[in-house]
Amino acid sequence: MGPLRTRFTAMLLIGLTASSASAATTFHQLSGFESGVPTAMEPQNGAVLSQETTGATEGTHSLGVQFTDTRVNSGDGPQQSIYYNITDDDNGNFTAWKDAATLQSTTARRFGVAYDLTIDPASLPAGVSTFASDFRYNQDPDPTAAPNPIPGFQDTGGEYGIGTRFSPPPASPYTVHVVVPFDNDDNPRSFYVNPNPANNFYQLQLGHKYDPVGLGGSAKVYYDNFQIIEYQNLQTHVLNSWETPDNPSTTDVNEALEGWTTGVSALPPNGKAQDDHVRSVITSFGDPPVSPATDGTHAMQIRTPQGITADAFTWGSQKTYSDPAQAQSLMSELMNAERIELDVTFLGGSGTPSFFSFFMHIADGDGHFYQTPASQYEISNLGSGQTDTVTIQFGLHEFRDSMLNTLPVQGLSGNALSIGIGTNEDSISGVLIAVDKLRVISEAATQSADFDGNGLVDGADFLRWQRNTGLTTGATPAQGDANGDHAVNAADLAIWQSTFGTAGAQTAVSGVPEPAAAMLLGLAALGMVGIRRGVRLR
């Protein structure tokens, strides 16, 4: 989201947020930049910090970071870092961080870190082809943690830490909202937060890389709106668990794959089937055999391309939802989701790549194509037969099109939807992985018929519903969508009727009347509004 340029705009956005489907709330606002650069900011490696107005998304000022270090780091291009050290307790930062970590580990409450990053491409050295942001985490190590000691330094996983990667960089200043969830396990693209009482500090590390190397360093970026956020009423919808039995009478279809087939390869065409994934459904993996299943007893095994002479990137597996009703229902769910997760098990001994990357894409029937950045893993240290299972999390904001538009902002439409898996590794004889429990993580919608956002469900809200009833897609709460399904119909009227005269927010509706009864009850209640207020409703 860009800067809130006027008070009116800010109030409007707050009003719309209050009456829309529930979203993560702010558990704690970390130190802002309205009074200058916080003393807790510790620049490293030549970074220069300044208070700026460009990139301000909370208040009127942001943190500008100008990088001057030109060192080359392991062939990945210059890497510069600053540390956002929140050991200070002046604003309750450290206390809030420890409280969130403790609640994450001991209760069902779930948290994350969020911030806004604005890139100024004009400051990048000439010739830059790729720009990436690096976000990492540090805390006191915990040697007592079971089953393995927790190191102090935690990489959030993925390519260059988080997946904020631009290739090529944008042509004008661009703001991306970054969300990294806390986790109770050491999974990539998330924080493995350990609330060890002996910990004396928690720390965020921010840095940047760009390619090719040797261009010098002068990139300038802007940060704002650092928060610890809390997810509300998280719910899980499993899309695939690969537990469906195959029907032996349909020899041309393997129902156990649950609709997953070959995707569109990104390799130069050479007429070889090895350019794509080879899929099967399995119950054991490796030698000695272990189960890669994390939900049920089956998982989908993928063998990546074999015999490739160049980097083996391919959109090798894909599932298409061709039924319009099913596709549109899933589109609506994805538009309001927090993230997509799946469990991936790596098998050692199937190759020794110097890198292995995992991607996902979502595409609709109208030609919108969104893909994630890479999540990159070190699997060459696995011995023959050894396995390692990780949970890969891609926030919906990480799905971006070629113009850097995010999926939640740009949207999905059409009568079909596809979800794809991509892999990339160097030239080897194929890598074996198993995937299981592909799922959508969302926050349960808070239903509200306060369509105008004035804090009361009344006749004015009914008029909004009445003007827009019949909308079947793309409807907003301000248009009369009370239950978050992006349609305006009798179900929304029923919520208006059941909450008439109240503030209106609720997480569920029980005893919803039939549409005809809801209409009669709603009109009767509306008549009472006209009598009590002396308003003649037409």
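Residues numbered from 1 in each chain as written. Predicted model: local features only at pLDDT ≥ 70, side-chain atom pairs only at ≥ 80, totals over all residues. Heavy atoms only, no water.

**Q** Help me understand the pattern of salt bridges in this model?
**A** It is possible for side chains of opposite charge to pair when their charged atoms get near one another. For the structure on display, the rule yields five salt bridges. A salt bridge links arginine 339 to glutamate 341; its shortest N-O distance comes to 2.7 Å. Accessibility expressed as a relative area gives 7% for glutamate 341, which makes it buried. Arginine 439 is paired through a salt bridge with aspartate 343; the nearest N and O atoms lie 3.2 Å apart. Remark: aspartate 343 occurs in strand β19 (residues 337-347) and arginine 439 occurs in strand β25 (residues 432-443); sequence separation between them is 96 residues. For the residue pair arginine 439 and aspartate 343, the accessibility class agrees, reading buried in each case. (Salt bridge = Lys/Arg side-chain N within 4 Å of Asp/Glu carboxyl O. Buried < 20%, exposed > 50% of the residue type's maximum accessible area, 1.4 Å probe, protein only. Helix = DSSP H or I, 4+ residues; strand = E, 2+ residues; numbered from the N terminus.)

**Q** Would you take a moment to explain the packing of aromatic side chains for this structure?
**A** Centre-to-centre distance and the angle between the planes together describe a pair of aromatic rings. Going through the model one piece at a time under the given rule, you end up with 17 aromatic pairs. Considering the side-chain rings of tryptophan 97 and phenylalanine 182, the 5.7 Å spacing of their centres and the 55 degrees angle between planes classify their relative orientation as tilted. With tryptophan 97 in helix α2 (residues 93-106) and phenylalanine 182 in strand β10 (residues 174-183), this pair connects stretches of sequence that are 85 residues apart. Judged on exposure class, the residue tryptophan 97 and its partner phenylalanine 182 are both buried. (Phe/Tyr/Trp six-rings, centres within 6.5 Å; stacked < 30°, edge-to-face > 60°.)

**Q** I tried to follow the pairing of strand β17 (residues 299-303) on my own but got confused; where do I start?
**A** Remember that side chains alternate between the two faces of the sheet whenever the strand is regular. Among the five residues that make up β17, four are buried, leaving the element largely enclosed by the rest of the structure. Pairing geometry for strand β16 (residues 278-282) and β17, over five bridges, is antiparallel. From the neighbouring strand, serine 280 faces β17, where its bridge partner is glutamine 301. With four bridges connecting them, β17 and β25 associate as antiparallel partners. In the sheet register, glutamine 301 faces β25, and the bridge partner there is alanine 434. (Pairing = 2+ DSSP bridges.)

**Q** Could you clarify how one ought to interpret unusual backbone geometry in this entry?
**A** Among all residues except glycine, the phi angle is most often negative; among peptide bonds, the trans geometry is most common. Cis geometry is found at the peptide bond from aspartate 287 to proline 288, where omega equals 5 degrees. Position of proline 288 among the secondary structure elements: in the loop between β16 and β17. The phi dihedral of tryptophan 242 falls on the positive side, at around 60 degrees, and the residue is not glycine. The residue tryptophan 242 is located in the loop between β14 (234-240) and β15 (260-262) in this model. For tryptophan 242, a relative accessible area of 1% gives the class buried. For lysine 437, which is not glycine, the phi torsion reads 55 degrees and is therefore positive.

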